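# Descriptive structure summary
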Amino acid sequence: MDLSAFQRDNAVNCLLDSAVPAACRSEPCSLGIDEAGRGPVLGPMVYGICYCPVDRQGDLEALKVADSKTLTEAQREQLFEKLGAAKDFVGWALHILSPNYISTSMQRRAKYNLNALSHDTAIGLIQRALDSGVQVAKVFVDTVGPAEKYQEKLKQHFPDLEVTVKPKADSLFPVVSAASICAKVARDRVVKNWRFLEDLEDADLDYGSGYPNDPKTKEWLTQNLDPVFGYPQFVRFSWSTAQVILESKAVPVCWDDTEDDAAQKNAQSLLSYFARKETSSKRPPHRFFHERKLKTVTSL
Amino acid sequence: MPAGRQRLLEASAGNGGSGGQWVIVAPESATNLPKKPGSEPLFTKLRNPSTGQAALYLFGSDGCQVFEVKAFHEEYRSWFIGEAVQHDGRLLFATPVDPLFLLLFYLTKAEKEGKFQPLDQFLVDEEFSSCAMLLNCKNVLQSVHHLVDEKEIGGRKFYKYSEEKALKWLKKKVDQTVKVLKDNDIPVGGKVQSATFISGKRNTDTTEEDYIRYAHGLMTEYISEELSTALAQYLRLPQIASPPAEPASKKRKLSDAPVEAEEDYTKFNTSDLKSKKANSKMSAAQKALAKVDKSGMKTMSSFFSSKTKTTK
Amino acid sequence: MAGEERGPARLALLSLPGAPRERLHLLPCAVRHDGAAAVRRYFAPAIRRPGEPDAEASVSFRGRSLKGKEVLVPEGYMGLVLEEDDAALQERQVRVKSTFESLTVWNLEQAPNSSDEILMSLQWPKIAEGVRILSIKGQGSSGWEGPLGSIPSGPFCKFWYYSCKSRKGAGYG
């Protein structure tokens, strides 16, 4: 797994994948999808797919792949090695969603929620496998949201595929277990060796697991707050854990689509409207100035 | 901490306030070193000649030039300046303004008395004492004749405002402005046509009248409402029929509202003319108008048409 | 407002020659604070700008995506950051804290284009000068020693981009 492309610029997403085994081009395949790092307030979220010919799922199971959460980091690394050794019939692909992408997508003007983001990423990975010649026949997906809706969405996109969306799919289907291992290994490696693109020469790297309930993570978020910028891009600003700290301890920042501020502003402009009426009966500025937001300055 | 934060928020509530720091774009010539000691550039308040209300101006070194100060001001803007943040996200512009406009305000005000006075007596304004500096501006004394009738008694010069002259001068300003608008491809027709603007092509629907009307509107920012009305007549700007739904007088009221309204202000400019009743001031304008011969109008239109041909 | 009561302020020109040049970013949000900001640590290194000179730059601030464009101060003009000099004795005084030749205008999610208010507002000096000049010979016009001897013709945008190219803008550090 070569993570150098992502490490060169972890502000943006990164796609990486194994070579497609010849067997997967000629035989119908099962494809599993899982994600790693959905919950943490730190670091990327990694989407993984893993596939092998339907007939060889037994061989995959024999590698003793299991739900990544039930394994230690060392076991996952070991299993990832084994998947690499089985490259004649097992292929994988990963989509690393940078924390900056997650923050900016979820906080976009037109909000992009995490479920939609997850679904679109999964769809993108399936499509990518199809495009690279994998004979995908069956798709198995682990889900945290409502399974039926997700399944419906996937079937709409891929009417020719047999789609199974199930909670805990990562412990039920070996291809999903394998996908979860690939995703988790990538996420762990990236988080462990996070290269801050900010110029934080004395960066405190003791941030724990990144889960909001990890005391180390909490401590790190409290200690590493910049009053103006908040955090480096390593932090998901869209997580309530981060937002609560920013709201209480950082300098307030308001955007034209900040909701409570807009309400406050309306009240304010109404007040200033009346105030203005009293003091002056100003003519409106000519449109040349109005269109350029150029206003008269009354004092320095 | 909470108390400090509260203070911060209040101070910045309007976002127009300033924490003692300003970002400004100014002509290089505004920072020329002064010839006389103690006459470095001066930011001071003067009467905006259009409204009569306080506005910020900048006198260049030795008071030779005067600049008006306007600000690009958008609600949600702040600056990073080097290694600092400034909540006031305005970008100030100091741009040259003809001191005659500022002088004109005082000349027209004194006209009611109708007597010849020395120039400095026009500029007695306790609230805005800096206005006396206008007389030091380069060429003001040589060019004030554009606006006044002169008399010399005992070696002293006395002046009296002449609307006829002022209108003539303003018309030249309008002509000049039309040229500038064309040269800079400023869209003047109807609404902003951003597509036209981006491609750099002039909207073929734009008429000479649109340009004159627009230039007149710009000029109105520098002269009183009465004079603006007189100038429109002098320029023979036809009145535009305002939307039938609302009488012009109502429209005028609306224009007192804060400028957030998404409106085409050319309508307001023209409705100004409509709602304006002919008053005593107008007779002077009409007199002036009567003196304008048709050849003058011809010159203007030929100027425009030749201009249109030469620009791509 | 206290600011309304302030008197005339003298610009201390002696502060100009020694004033450092600083990088300016105009943000699409109101940061309710005046004071230090670790721009060099957090912001500048995160700016991504593609190779082409006119291409939009991108960065994020507080987890929101910003797209920006660097623009130059109009020809013949200079950018000044002025600050109140509290030590001044008799009359108010402002001094030049720093200067700038360009600024980066950031918008939320979409880069500013030529019909953006801020970019259009940068036309104002040129129009103002045009209105100011009365080029009528022999009439003793109230002339103004503008930075432009005469008003160049041609579309503003073209002029703008020319000047962008001709002056070597400061890169990002």
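Residues numbered from 1 in each chain as written. Chains lettered and ligands numbered in written order. Predicted model: local features only at pLDDT ≥ 70, side-chain atom pairs only at ≥ 80, totals over all residues.

The name that an unreviewed UniProt entry assigns to chain B is Ribonuclease H2 subunit B, with the source organism given as Podarcis lilfordi. UniProt's Subcellular location (unreviewed entry) comment on chain B is quoted here verbatim: "Nucleus". Its UniProt record, at the heading Sequence similarities (unreviewed entry), says of chain B: "Belongs to the RNase H2 subunit B family." (UniProt positions renumbered as here; feature names shortened; annotations may be inferred.)

Looking at an unreviewed UniProt entry, one finds chain A named Ribonuclease and attributed to Podarcis lilfordi. Turning to chain A, the UniProt record has this under Subunit (unreviewed entry): "The RNase H2 complex is a heterotrimer composed of the catalytic subunit RNASEH2A and the non-catalytic subunits RNASEH2B and RNASEH2C." Its UniProt record, at the heading Sequence similarities (unreviewed entry), says of chain A: "Belongs to the RNase HII family. Eukaryotic subfamily."

### Brief notes about the UniProt feature "domain: Rnh202 triple barrel" (unreviewed entry) in chain B
Mapped onto this structure's residue numbering, the UniProt feature "domain: Rnh202 triple barrel" (unreviewed entry) falls at residues 33–98 of chain B. Taken as a whole, residues 33–98 of chain B contains 0% helix and 48% strand, while its terminal C-alpha atoms sit 21 Å from one another. (Helix = DSSP H or I, 4+ residues; strand = E, 2+ residues; numbered from the N terminus.)

### Description of the domain arrangement of chain B
Residues and elements named next belong to chain B. One can read the domain layout of chain B as domain 1 (19–161) and domain 2 (163–310). Counting residues at the interface gives nine residues for domain 1 and 10 residues for domain 2. Per element, the largest residue contribution to the side of domain 1 that touches domain 2 is three residues, and it comes from helix α2 (residues 99–111). (Domains from an automatic or database assignment. Contact = placed C-beta atoms within 7 Å.)

### Here's the deal with the environment of V105 of chain C
All names here are of chain C. Tracing the chain through its elements places V105 in strand β9 (residues 102–108). Sequence-wise, V105 and K69 are 36 residues apart; in three dimensions their C-alpha atoms are separated by 5.4 Å. Residues within four places of V105 in sequence aside, it is in contact with L26, G68, K69, V71, P112 and I118.

### Digging into the packing of helix α5 (residues 163–183) of chain B against helix α8 (residues 225–234) of chain B
All names here are of chain B. Relative to each other, α5 and α8 sit at 70 degrees, their axes nearing to 10 Å. Taken together, the axes of α5 and α8 lie roughly perpendicular to each other. The handedness of the crossing between α5 and α8 is right-handed. Contacts between α5 and α8 pair E163, L167, L170 and K171 from the former with A230, L231 and Y234 from the latter. Residue composition of the contact of α5 with α8, by class: five nonpolar, no polar and two charged. (Axes fitted to C-alpha atoms, helices over the stretch in contact; angles between N-to-C directions. Parallel < 35°, antiparallel > 145°, perpendicular 65-115°, else oblique. Left-handed = near helix turned anticlockwise from the far one by under 90°. Nonpolar A, V, L, I, M, F, W, Y, C, P; charged D, E, K, R; others polar.)

### Observations regarding the environment of G20 of chain B
With respect to the helices, strands and loops of the structure, G20 of chain B is situated in the loop between α1 (2–11) and β1 (21–27). Counting along the chain gives 68 residues from G20 of chain B to D88 of chain B, while the straight-line C-alpha distance between them is 9.9 Å. Discounting residues that sit within four places of it in the chain, G20 of chain B has contacts with E83 and E84 of chain C.

### Comments concerning unusual backbone geometry
If you check the backbone angles, D62 of chain B has positive phi at about 60 degrees while not being a glycine. Topologically, D62 of chain B is positioned in the loop between β3 (54–59) and β4 (66–72).

### Observations regarding the sheet that holds strand β6 (residues 162–166) of chain A
Residue and element names in this part refer to chain A. Taken together, six strands build an open sheet; the order of strands is β1-β4-β3-β2-β5-β6 and the sheet is mixed. Here the strands that pair on one side only, and so sit at the sheet edges, are β1 (14–17) and β6. When the angles between neighbouring strand axes are averaged without regard to direction, this sheet yields 15 degrees. Pairing analysis gives eight bridges linking strand β2 (residues 29–36) to strand β3 (residues 45–53), with the strands arranged antiparallel. The residue bridging L31 from the neighbouring strand is Y51, located in β3. Across the face of the sheet, helix α9 (residues 174–192) comes into contact with β2, β3, β4 (91–97) and β5 (136–142) while running at roughly 35 degrees to β2. (Pairing = 2+ DSSP bridges.)

### Quick word on the sheet that holds strand β4 (residues 35–36) of chain C
The strand order across the open sheet formed by seven strands is β4(C)-β6(B)-β5(B)-β2(C)-β9(C)-β6(C)-β5(C), and the pairing between neighbours is mixed. The outermost strands of the open sheet, each flanked by one partner alone, are β4 and β5 (57–61) of chain C. Two elements, strand β6 (residues 64–72) of chain C and β9 of chain C, share seven bridges in a ladder whose sense is antiparallel. Each bridged residue has a counterpart across the sheet, and for G68 of chain C the counterpart in β9 of chain C is W106 of chain C.

### Here we look at helix α10 (residues 215–223) of chain A
One turn of the α-helix equals 3.6 residues, which is why residues spaced by three or four share an orientation. Residue and element names in this part refer to chain A. Among the residues making up α10, those that are buried are T217, W220 and L221. Along the axis of α10, the buried residues cluster in a sector spanning 100 degrees; they form a single face. Those residues of α10 that are exposed and aimed more than 90 degrees away from the buried face are P215, T222 and Q223. The inward-facing, buried residues of α10 contact α11 (240–249). (Buried ≥ 20, exposed ≤ 12 C-beta atoms within 10 Å, placed from the backbone. Arc of directions from axis to C-beta.)

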